[in-house]
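Descriptive structure summary
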Amino acid sequence: MVKSTFISIGLHVFFILVAYYGLPSFKVKEPLEQPIDIVEDTLISSKTVLKLGNPNKEVKKIKKDIVKEDKVKKTPPPPPPLPSKKIIAKKNIELKKKKKLKEMAEIIKKKPKSKIEKNKKVSVPKVKTKPKEIKQKQKKLLARGILKTLTKPQPIINKDKINKSQNNNKNVLNKLKQIVGNTSIRSLKTEAKLTQTEIDKLRNYISKCWETSIGASEVKIIIPLKISANMDGSVNSVEIDDQSRYVKDTFYRATADSARRAVLDCSPLPLPKNKAAQFKSFFFDFDTSFIYRY
Amino acid sequence: MRFILNKNLKSLVLKILILIFPLLINQALAQDLRIKISSGQVEPLPIAIADFTGQEGKANEIGRKISEVISNNLVGSGQFKALESAAFIAPPTSPSVRPNFTDWSPLGVKALITGSVKSINNQQVEVEFRLWDVVAQTDLIGLRLIVDSKAWRRVAHIISDEIFQRLSGDSGYFDTRIVYVAESGPQNKRLKRLAIMDQDGENHQYLTDGSFLVLTPRFSPTTQEITYLAYFKNEPRVYIFNLETGQQELLGSFPGMTFAPRFSPSGDKIIMSLATKGITDIYTMNLNNQKVTRLTNNSSIDTSPSFSPDGKRVIFNSDRGGSQQIYIMDSKGNDVKRISFGKGRYATPVWAPKGDLIAFTKMLKNKFYIGVMSQDGSNERLLAEGYLVEGPTWAPNGRVLMYFKQDAPIDDGKSASVNLYKIDITGFRETRIITPSDGSDPAWSPLLPN
């Protein structure tokens, strides 16, 4: 029985941990690293060293803020995150998760309260209910104490424990339901399809930045670039998807470079604010067919 | 009890898995957003060309000249726009030093070229360059050459070719030469000499002394040889001139008139038109055994033949349909089809080295035009016009055309000036090539061997 209890507790802890830390990582992909060039740049350019230094400082500041918020529970909600920094966004997501979990935990505890709310008796505290529970428990314990000597108390205790574990399981399930439900709702919200107007706006914006050469205009190719953009639209990284062709084909290489310049030059991108999460990883497919018209 | 707990546990695990499963599936099936960009700006790319640095006076001077030639080449191609050096914020740096891109990006340039020149001894210099992507903050290509200090101009052309290829994807055409007919003297006593120069008009040289009339020089696509037509005692002869040895070889003396000899892509044949008994047809001559083969047999005038780059087809102009138009046939003279159907007359078709386009001369309403069309005759575009524009020749990369343009004659006994021009196939940038005297009938060489 002790074993099974430990297994039960272990599993509970495991699944709670999965719910806490595991699930969000499925949804939120780690942003791609900046190209090595910038690291090299730091060795030479003092200005870029400063630039690189700034984000770390900001991260530290944010960390301090988070600690303060954790200590002072009753303080008003934290200011909206600085959208330009991916780390800030991460931390805020974590904060939100923690808060949600806390709120969920409170909701679970406040089940009777919700009933009271329904009856429009908000002022009725659950303190009144708790003593009753305690009294009942005390009575039960007293009774058990008596019964222990008379009958085998174990089954009764087990039933309680089973009930408790069932209640706990229900709680865990409820938590999970809420977490999974929330994430799925969140994902549905963020993954809402972009409208044609939003796509056209972005497309036109990039088109204006794409300065390409007439080059081998008889070659009609599509060059996919993998982009990672921050919530504020600033471009985090640009990767040329087909590296093998990039190395072999001179026209592909030159045009892919021009496309990369276009994306970097156009940063920050005009991303729709409520759908910016979709742009953590996406593709621009640069089509050279139009060059043929010249 | 264990059974109850286990059952309870199993159901819990099952429920959790049921809850998590759709989320995992959702994540697995989630596809990245894709947005197609199907338009852009085909405009000259803004670039900065810093003077090549040198350690002492001579190297500095060579460095400055090299960067000037590179700038002229790239801007002249119509695909680049060079920033004035007066606008530079930062001084020129060595190519081995990574530039501070924040000094260049505010100027709006997308690429930066840095270089250096070092004297190795009295004769040789080491020239190094590097091309930087200012936006992506990375280097794109670099090259180091050890050359004779007198060959700095050619080094500049080689570097220009490397930069052009890296930024446009096309092979360059700067390390090439032009052979043409240099003209001088009055209309009634015109002196026509064969001359050669770099594609930018520098290093000019005369190949013949003008004692006999020369016409239609054409470069071999494989060797540094020229074929041309010369009138010796009023008899047309086809010669081959070897530029490396300076030797001339008489290919043959043909009865009647001979026109427009041109090499086949493999360089082992000459294709030309011969006029006999009032009929002009197209012939080929094998340079190995001098065997002549007739390709067309028609009562009309068939002339100006040009092989396709694969050597399997020939384009030419003919008046067999009533007006001068462009026709295509296979290399044996079969399957003749007309491809030009526009208004006016068409002449001197030349197949582009890549095979995608055909350049031609068009005559319409007392005006001449230089144009290009697809190999089936579609997508005709007229690039240049004038009183007389004629004789298009392709740069080896097929992106630039050269031709000659003659002004309207003036009634003062003097000949109207004739000059060479080049234009990129977008048609936006026409540049005159400065020559010591008038020039006509240009022919572009392939890239020079290193």
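Structure: see above.
As the structure is a prediction and not an experimental result, all values here were calculated from the model. (Residues numbered from 1 in each chain as written. Chains lettered and ligands numbered in written order. Predicted model: local features only at pLDDT ≥ 70, side-chain atom pairs only at ≥ 80, totals over all residues. Heavy atoms only, no water.)

All names here are of chain B. With respect to the helices and strands, G278 occurs in the loop between β16 (269-276) and β17 (279-286). Taking relative accessible area as the criterion, G278 reaches 68% and is therefore assigned exposed. Considering only alpha carbons, one finds G278 and S299, 21 residues apart in sequence, at a separation of 8.4 Å. (Helix = DSSP H or I, 4+ residues; strand = E, 2+ residues; numbered from the N terminus. Buried < 20%, exposed > 50% of the residue type's maximum accessible area, 1.4 Å probe, protein only.)

So, on to the sheet that holds strand β30 (residues 430-433) of chain B. Residues and elements named next belong to chain B. Spatial strand order, β27-β28-β29-β30: four strands in an open sheet with antiparallel pairing. Lying at the two open borders of the sheet, with one neighbouring strand each, are β27 (388-394) and β30. Across the sheet, the mean angle from the axis of one strand to that of its neighbour is 30°, orientation sign disregarded. The pairing of strand β29 (residues 418-424) with β30 spans four bridges and is classified as antiparallel. Residue pairing in the sheet places I423 in a bridge with E430 of β30. (Pairing = 2+ DSSP bridges. Axes fitted to C-alpha atoms, helices over the stretch in contact; angles between N-to-C directions.)

Leaving glycine aside, a negative phi is the common case for residues, and trans is the common case for peptide bonds. Cis peptide bonds are those with omega within 30 degrees of zero, and the linkage from S267 of chain A to P268 of chain A qualifies with 5°. Looking at the element boundaries, P268 of chain A is found in the loop between α10 (250-266) and β3 (282-287). We note that S304 of chain B has phi near 50°; this positive angle belongs to a residue other than glycine. Looking at where S304 of chain B falls in the secondary structure, it is placed in strand β19 (residues 302-307). We note that D335 of chain B has phi near 55°; this positive angle belongs to a residue other than glycine. Inspection of the secondary structure assignment puts D335 of chain B in the loop between β21 (325-330) and β22 (337-338).

This next bit is on helix α2 (residues 57-76) of chain B. For the α-helix, the turn length of 3.6 residues means that residues three or four positions removed from each other point alike. Residue and element names in this part refer to chain B. With 20 residues, α2 extends 28 Å from end C-alpha to end C-alpha; this agrees with the ideal 28 Å at 1.5 Å per step. Of all the residues in α2, the buried ones are A59, I62, G63, I66, S67, V69, I70, S71, N73, L74 and G76. Here α2 starts with a cap whose side-chain oxygen sits 3.2 Å from the backbone nitrogen of K58, and that cap is E56. One or two residues past the end of α2 sits G78, with phi positive at roughly 85°. (Expected span 1.5 Å × (residues − 1). Polar contact = N/O pair within 3.5 Å; in protein donor to acceptor, adjacent residues only side chain to side chain.)

So, on to the pairing of strand β11 (residues 213-219) of chain B. All names here are of chain B. A large share of β11 lies buried, amounting to five of its seven residues. Bridge count for β11 against strand β12 (residues 225-232) is five bridges, and the pairing is antiparallel. Looking at the pairing, F219 lines up with I226 of β12. If you look at the hairpin formed by β11 and β12, you'll find five residues sitting between the two strands.

Residues and elements named next belong to chain B. Summed over the entire model, instances satisfying the criterion amount to 27 salt bridges over all chains. One salt bridge connects R154 with D175, and the closest N-O pair in it is separated by 2.9 Å. A residue pair is termed long-range when its members are at least 10 positions apart, and R154 in helix α3 (residues 152-168) and D175 in the loop between α3 and β8 (177-184) qualify at 21 residues. For R154, a relative accessible area of 30% puts it in the partly exposed group. (Salt bridge = Lys/Arg side-chain N within 4 Å of Asp/Glu carboxyl O.)

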